[in-house]
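# Structural description and commentary
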Amino acid sequence: MPIVRVRKSNTLGNFDNLAIILKKVVAENLNVPGNPDGLLGLSDVEVYFDRFQICDRHSRDLEIIIEANLLPERLENLQDRTKLIVKELRKWIFQKYTFFVWVRLCPGAYVEG
């Protein structure tokens with residue numbers, strides 16, 4: 001289950017639709033068909049928003065950090081997958097806003113209770 005953390009400047013407006021777009025884009029680009037541990041749908045992606053704090057030092061309007069389980073199929077083409085995420089998000093984020101996407105793969109376990 002990927003977790004997407006979005007941090008944004010206090011001066012930016014409302015980004016309600018961005019959560020829905022992120023769920024779709026992340027699910028599509030980090031999905032691993034053929035691996036039951038890597039199959040992703042919209043309900044598998046969690047998105048959290050936070051605003052920059054007064055003491056933060058940053059260089060972009062938006063910071064998008066994605067954490068997902070480390071799978072060999074994701075790792076072998078991670079840079080390409082990340083570029084596709086950026087390309088898709090650029091369609092929805094105004095050109096005047098700067099942002100980055102950082103995909104971090106790490107071992108993890110998810111169990112619902």
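Residues numbered from 1 in each chain as written. Predicted model: local features only at pLDDT ≥ 70, side-chain atom pairs only at ≥ 80, totals over all residues. Heavy atoms only, no water.

A pair of packed helices is captured by two measures, namely the crossing angle of their axes and the spacing between those axes. Here helix α1 (residues 16-30) crosses helix α3 (residues 78-90) at 150°, and the two axes come no closer than 10 Å. As summarised for this structure, α1 and α3 are arranged roughly antiparallel, according to the angle between their axes. The chirality of how α1 crosses α3 is right-handed. Counted together, Leu 18, Ile 21, Leu 22, Val 25, Asn 29 and Leu 30 of α1 and Arg 81, Leu 84, Ile 85, Glu 88 and Leu 89 of α3 form the full contact between these two elements. Looking at the contact of α1 with α3, its residues break down into eight nonpolar, one polar and two charged. (Axes fitted to C-alpha atoms, helices over the stretch in contact; angles between N-to-C directions. Helix = DSSP H or I, 4+ residues; strand = E, 2+ residues; numbered from the N terminus. Parallel < 35°, antiparallel > 145°, perpendicular 65-115°, else oblique. Left-handed = near helix turned anticlockwise from the far one by under 90°. Contact = heavy atoms within 4.5 Å. Nonpolar A, V, L, I, M, F, W, Y, C, P; charged D, E, K, R; others polar.)

Before going further, it helps to spend a moment on the sheet that holds strand β1 (residues 3-8). Spatially, the four strands line up as an open sheet ordered β2-β1-β3-β4, and their pairing is mixed. Every interior strand has two partners, whereas the edge strands, β2 (46-51) and β4 (99-106), have only one. On average, each strand axis in the sheet is inclined to that of its neighbour by 15°, with strand direction left out of account. Contacting β3 (62-69) and β4, α3 runs over the sheet at an angle of about 145° to β4. (Pairing = 2+ DSSP bridges.)

Turning our eyes to something else, we now look at α3. Between the first and last C-alpha of α3 there are 18 Å, a value that for 13 residues agrees with the 18 Å anticipated at 1.5 Å per step. The set of residues buried in α3 consists of Leu 78, Arg 81, Thr 82, Ile 85 and Leu 89. Burial along α3 is one-sided: seen end-on, the buried residues are contained in an arc of 100°. Turned more than 90 degrees away from the buried face of α3 sit Gln 79, Lys 83 and Lys 87, all of them exposed. Check the buried side of α3 and you find it contacts α1, β3, α2 (72-75) and β4. (Expected span 1.5 Å × (residues − 1). Buried < 20%, exposed > 50% of the residue type's maximum accessible area, 1.4 Å probe, protein only. Arc of directions from axis to C-beta.)

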